[in-house]
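Listed here are the chains, written in short residue letters.
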Amino acid sequence: MIKLKNIVRNENKIVCEAYIEDCSIPVRLCYNRKNKKFDNCELPNEYEWCKSHIHHAENFLRSVENEHDIPQERTMMWY
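Basis of the calculations
- Residues numbered from 1 in each chain as written.
- Predicted model: local features only at pLDDT ≥ 70, side-chain atom pairs only at ≥ 80, totals over all residues.
- Heavy atoms only, no water.
- Core = buried A, V, L, I, M, F, W, Y, C linked by side-chain atoms within 4.5 Å.
- Buried < 20%, exposed > 50% of the residue type's maximum accessible area, 1.4 Å probe, protein only.
- Helix = DSSP H or I, 4+ residues; strand = E, 2+ residues; numbered from the N terminus.
- Contact = heavy atoms within 4.5 Å.
- Expected span 1.5 Å × (residues − 1).
- Arc of directions from axis to C-beta.
- Phe/Tyr/Trp six-rings, centres within 6.5 Å; stacked < 30°, edge-to-face > 60°.
- Lys NZ or Arg CZ within 6 Å of the ring centre and 35° of its normal.

Asks: Looking at this structure, how should I read the nonpolar core?
Replies: It is characteristic of soluble globular proteins that their nonpolar side chains tend to be buried jointly. Counting residues in each nonpolar core, the largest one holds 22 residues, and the members touching the most others are Ile2, Leu4, Ile7, Ile20, Leu29 and Leu61. Elements represented by at least two residues in this core include exactly strand 1 (2–9), strand 2 (13–20), strand 3 (27–32) and helix 1 (51–64). In terms of residues, this core owes the most to one element, helix 1, which gives 5 residues. Ile2 has contacts with Ala18, Tyr19, Ile20, His53, Ile54, Ala57, Arg74, Thr75, Met76 and Trp78, leaving out every residue within four places of it along the chain.

The structure is reproduced here in structure tokens:
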């Protein structure tokens, strides 16, 4: 599971805070709309195995980057 909060889009980037699983430390995500990837993303200690979570967040932000209105928050879960 990953929760994205405070999602904000500007001309070139979409930024947000990501909360991975049960971690209380947010990860700052910055999706670069030009190259369709996250800029540097550093996971908290003991959450290095959560790279797939970041991939889900990246796919979501890519899917809404051109929408007129984007949500300010999003929770994603998968099995």
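After that view, the rundown keeps rolling.
Asks: Any chance you could explain helix 1 here in plain terms?
Replies: An α-helix turns once per 3.6 residues; consequently, residues spaced three or four apart project the same way. When the terminal C-alpha atoms of helix 1 are compared, their 21 Å separation across 14 residues agrees well with the 20 Å that a helix rising 1.5 Å per residue should span. By the burial criterion, the buried members of helix 1 are His53, Ile54, Ala57, Glu58, Phe60, Leu61 and Val64. End-on, the buried residues of helix 1 take up no more than an arc of 165°, which puts them together on one face. Where the residues of helix 1 are buried, they touch strand 1, strand 2, strand 3, strand 4 (37–38) and strand 5 (74–76).

Asks: Quick question: what am I supposed to make of the side chain of Asn32 here?
Replies: Checked against the element boundaries, Asn32 lands in strand 3. For Asn32, a relative accessible area of 14% translates into the label buried. With near-sequence residues (within four places) excluded, Asn32 lies in contact with Asn12, Lys13, Lys37 and Asp39.

Asks: I tried to follow the packing of aromatic side chains on my own but got confused; where do I start?
Replies: Two aromatic rings, taken as a pair, are described by how far apart their centres are and by the angle between their planes. Inspection of every chain in the model, using the stated rule, returns 1 aromatic pair. Look at Tyr31 and Phe38: their rings are 6.1 Å apart centre to centre, the planes differ by 85°, and that puts the pair in the edge-to-face class. Since its relative accessible area comes to 0%, Tyr31 is described here as buried. Relative accessible area serves as the criterion here: at 15%, Phe38 is assigned to the buried category. Above the face of the Tyr19 ring, Lys5 is positioned so that its terminal group lies 5.4 Å from the ring centre.

Asks: Whenever I open this one, the environment of Met77 confuses me. Can you help?
Replies: Within the element layout of this structure, Met77 appears in the segment after strand 5. Through-space distance from the C-alpha of Met77 to that of Tyr47 is 16 Å; in sequence the pair is 30 residues apart.

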